[in-house]
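Structural description and commentary
So you can see what is in the structure, the chains are spelled out below.
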Amino acid sequence: MVHDLAPLDRAKLAAARRAVDLVEDGMKLGLGTGSTAAWMVRCLAEKVREEGLRVSCVPTSLRTATLARELDLKVVPLEEAGWLDLTIDGADEFDADLALIKGGGGALLQEKIVATASDRMVVISDATKEVKTLGAFPLPVEVIPFGWQASRMLIEEMLGAMDVMGTQASLRMNGARPFFTDEGNHILDLALGRIGNPRQLSLALNQVPGVVENGLFIDICDAVVIGHADGRVIFRDAIAGTEEEEHILFEEADNIFREI
Ligand code: 5RP
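Residues numbered from 1 in each chain as written. Predicted model: local features only at pLDDT ≥ 70, side-chain atom pairs only at ≥ 80, totals over all residues. Heavy atoms only, no water.

Some remarks on the packing of aromatic side chains
What the rule picks out here adds up to zero aromatic pairs. Note that arginine 42 overlies the ring of tryptophan 39, its terminal NZ or CZ placed 4.9 Å from the centroid. Over the aromatic face of phenylalanine 217 sits the side chain of lysine 102, whose NZ or CZ is 5.8 Å from the ring centroid. (Phe/Tyr/Trp six-rings, centres within 6.5 Å; stacked < 30°, edge-to-face > 60°. Lys NZ or Arg CZ within 6 Å of the ring centre and 35° of its normal.)

A closer look at unusual backbone geometry
Even without glycine at this site, aspartate 72 takes up a positive phi of about 65°. Even without a glycine there, the phi angle at leucine 98 is positive, about 60°. If you trace the backbone, leucine 98 turns up in the loop between strand S5 (93-94) and strand S6 (100-101). (Helix = DSSP H or I, 4+ residues; strand = E, 2+ residues; numbered from the N terminus.)

Comments concerning the sheet that holds strand S15 (residues 223-227)
Strands sit in the order S3-S2-S1-S4-S7-S15-S16-S17 across an open sheet of eight strands; the sheet is mixed. Of all the strands in the sheet, just strand S3 (74-75) and strand S17 (242-247) have a single pairing partner and so form its edges. (Pairing = 2+ DSSP bridges.)

So, the domain arrangement of the chain
Segmentation of the chain into domains returns domain 1 (2-129 + 219-258) and domain 2 (139-215). The gap between the C-alpha centroids of domain 1 and domain 2 is 26 Å. The junction of domain 1 with domain 2 conceals about 1200 Å² of combined surface from both sides, 54% of it contributed by carbon and sulfur atoms. Counting the surface domain 1 buries against domain 2, the share from its top three residues, Leu108, Leu109 and Lys112, is 42%. Here domain 1 and domain 2 share two salt bridges between them. Between arginine 199 and aspartate 219 there is a salt bridge, and its shortest N-O distance comes to 2.9 Å. In this structure, the connection of domain 1 to domain 2 is made through eight residue pairs in polar contact (both at pLDDT 80 or more). Contributions of two or more residues to the side of domain 1 that touches domain 2 are made by S6 and helix H5 (108-116). A per-element tally of the side of domain 1 that touches domain 2 places H5 first, with four residues. (Domains from an automatic or database assignment. Buried area = accessible area lost by both parts, 1.4 Å probe. Salt bridge = Lys/Arg side-chain N within 4 Å of Asp/Glu carboxyl O. Polar contact = N/O pair within 3.5 Å; in protein donor to acceptor, adjacent residues only side chain to side chain.)

Focus: the sheet that holds S6
The strand order across the open sheet built from three strands is S5-S6-S14, with neighbouring strands paired in antiparallel fashion. The outermost strands of the open sheet, each flanked by one partner alone, are S5 and strand S14 (216-217). Summarising the sheet, S6 and S14 pair through two bridges and their orientation is antiparallel. If you follow leucine 100 over to S14, its bridge partner there is phenylalanine 217.

Focus on the site of the ligand
In the vicinity of the ligand lie 16 residues, with Ser35, Thr36, Asp92, Lys102 and Gly103 positioned nearest. A distance of 2.6 Å separates an oxygen atom of the ligand from a polar side-chain atom of aspartate 92. Between the ligand and lysine 129 there is a distance of 2.9 Å, counted from an oxygen atom to a side-chain nitrogen or oxygen. Considering the ligand on its own, with 380 Å² of exposed area, one finds that the protein chains cover 90% of that surface. Of the residues assigned to the shell around the ligand, the class counts are two nonpolar, nine polar and five charged. (Near = heavy atom within 4 Å. Areas by Shrake-Rupley, 256 points an atom, 1.4 Å probe, with all protein chains shown as cover. Nonpolar A, V, L, I, M, F, W, Y, C, P; charged D, E, K, R; others polar.)

If you want it as structure tokens, here you go:
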């Protein structure tokens, strides 16, 4: 049960539980991808069942779609939903402006489309993802397979003129083979160390032929819920300019283990 979880998972679960409090009957929701987002999908399924809510969910990956369907959530494509009320997703890094690095799980393209098609995007995270300056986490960039080596060379050359510490771009692998995204593309992970100007870098990356999208999310995230292993959560709302500390009672979360 909850108390058997590793501290990091308890922190992720605490953030996820607080975030699903934002869900209301009739909402159209974007569901993120990754281990933190998976906790959120479980908490959401529990809430929907217990409160008899009618919500439609747009997942950001095949993985999340599978989990949501297994837990009896109503899954619809974004084309059908049109516009979403709220997207809840994880992140690899976030800074004080709630600029994000995402794509560690390889789902950044759908994640960015879904988040920007939402009235509100809320990130759920443990405290380890908060940084002063983005860039310690390698920045994922999705490129089409055709000529990906040329795209990589152009990216590395362009990075030489940017305010970053490193310029190396590595093809993400899945064992001995290149990793493929749900869209059939590859990911280049950029070892930048530090990103001095995320906005400028994001614009420059998306100008490189072959680049589909990059993992910098700027002016997209509205709030972050930071979970701690002891159940403490910090709710930082950039729009309202507020920060509140609350406590999640883990005992109430034990139900989510019954359906997985
Ligand atoms: C997937 C993502 C994830 O949100 C990010 O990698 C965080 O994952 P986790 O919650 O497992 O740490 O961007 O593309």
